[in-house]
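In case you want the letters, here they are:
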Amino acid sequence: MSTLGYKCPICGKVFDNMPGVRRHFIRNHSNLDHCPVCNKEVNSLAKHLMRMKDDEHAVLWYLYNNLRGLRDKELKSKIRRIVKEKLKVKISVVEGLNY
Ligand SMILES: [Zn+2]
Ligand SMILES: [Zn+2]
């Protein structure tokens, strides 16, 4: 038996829904002084993520602030789709959720 979950792209913790990952990400990974994707030092992770256009950065941007400031609706839904595809994992029910 398995069910679907979403994993944190930084530490790999798995949650049973996307809001759970976002809450975890903001609490644990939002005050980094370097970018977890490209390892660049940043003053503001949010600003750095917003400028980047590749998928990996977009995923973190979504987790960080839900794409606030992005007006392009098509791009938004595209990024949401990418996020779901990238973070989705199968969880074994026997193992349980790793909170
Ligand atoms: Zn994490
Ligand atoms: Zn980066």
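Here we summarise the structure given alongside this text. Keep in mind the model is a prediction, meaning the values are calculated, not measured.

What counts and how
Residues numbered from 1 in each chain as written. Chains lettered and ligands numbered in written order. Predicted model: local features only at pLDDT ≥ 70, side-chain atom pairs only at ≥ 80, totals over all residues. Heavy atoms only, no water. Core = buried A, V, L, I, M, F, W, Y, C linked by side-chain atoms within 4.5 Å. Buried < 20%, exposed > 50% of the residue type's maximum accessible area, 1.4 Å probe, protein only. Helix = DSSP H or I, 4+ residues; strand = E, 2+ residues; numbered from the N terminus. Contact = heavy atoms within 4.5 Å. Donors = N, O, S within 2.8 Å, 3.2 Å for Na, K, Ca; no water. Tetrahedral: all angles 85-135°; square planar, octahedral: opposite > 155°, others 65-115°. Pairing = 2+ DSSP bridges. Salt bridge = Lys/Arg side-chain N within 4 Å of Asp/Glu carboxyl O.

## Comments concerning the nonpolar core
- Ranked by internal contacts, the top residues of the largest apolar core, which has 21 residues, are Tyr-62, Leu-63, Ile-79, Val-83 and Leu-87.
- Going through the elements one at a time, helix H1 (18-29), helix H2 (45-51), helix H3 (55-65) and helix H4 (73-87) are the ones with two or more residues in this core.
- In this view, Val-83 contacts Met-18, Val-59 and Tyr-62; residues no more than four positions away in its chain are not counted.

## Brief notes about the coordination of the zinc ion (ligand 1)
- Taken together, the protein donors to the zinc ion (ligand 1) comprise Cys-8 (SG), Cys-11 (SG), His-24 (NE2) and His-29 (NE2), at separations of 2.0 to 2.3 Å.
- Viewed at the metal, the four donor atoms of the zinc ion (ligand 1) are separated by angles of 103 to 122 degrees, and the geometry they form is tetrahedral.
- Within one chain, the residues serving as donors to the zinc ion (ligand 1) are arranged as C-x2-C-x12-H-x4-H.
- Overall, the relative accessible area of 43% leaves Cys-11 in the partly exposed class.

## Re the environment of His-48
- Following the sequence through the fold, His-48 ends up in helix H2.
- By relative accessible area, His-48 is classed as buried at 2%.
- Residues His-48 and Phe-15, 33 residues apart in the sequence, show an inter-C-alpha distance of 26 Å.
- Discounting chain neighbours no more than four positions away, the residues touching His-48 are Cys-35, Cys-38, Lys-40, Val-42 and His-57.

## A look at the sheet that holds strand S3 (residues 88-92)
- Ordered in space as S2-S1-S3, the three strands form an open sheet in which the pairing is antiparallel. Only two strands of the sheet have a single partner each, and these edge strands are strand S2 (14-15) and S3.

## Re the coordination of the zinc ion (ligand 2)
- Protein coordination at the zinc ion (ligand 2) comes from Cys-35 (SG), Cys-38 (SG), His-48 (NE2) and His-57 (NE2), with a distance range of 2.0 to 2.3 Å.
- Coordination at the zinc ion (ligand 2) is tetrahedral: its four donor atoms span angles of 100 to 121 degrees at the metal.
- In primary sequence terms, the donor set of the zinc ion (ligand 2) follows C-x2-C-x9-H-x8-H. You can see Cys-38 sitting in the loop between H1 and H2 and its partner His-57 sitting in helix H3, a full 19 residues away along the chain.
- Owing to a relative accessible area of 36%, Cys-38 belongs among the partly exposed residues under this scheme.

## Comments concerning the pattern of salt bridges
- All told, the structure shown has one salt bridge when counted by the stated rule.
- For the salt bridge of Lys-86 with Glu-56, the shortest nitrogen-to-oxygen distance reads 3.1 Å. With Lys-86 in helix H4 and Glu-56 in helix H3, this pair connects stretches of sequence that are 30 residues apart.
- Residue Lys-86 is classed as partly exposed on the basis of its relative accessible area, which comes to 34%.
- The partly exposed category is assigned to Glu-56, whose relative accessible area is 42%.

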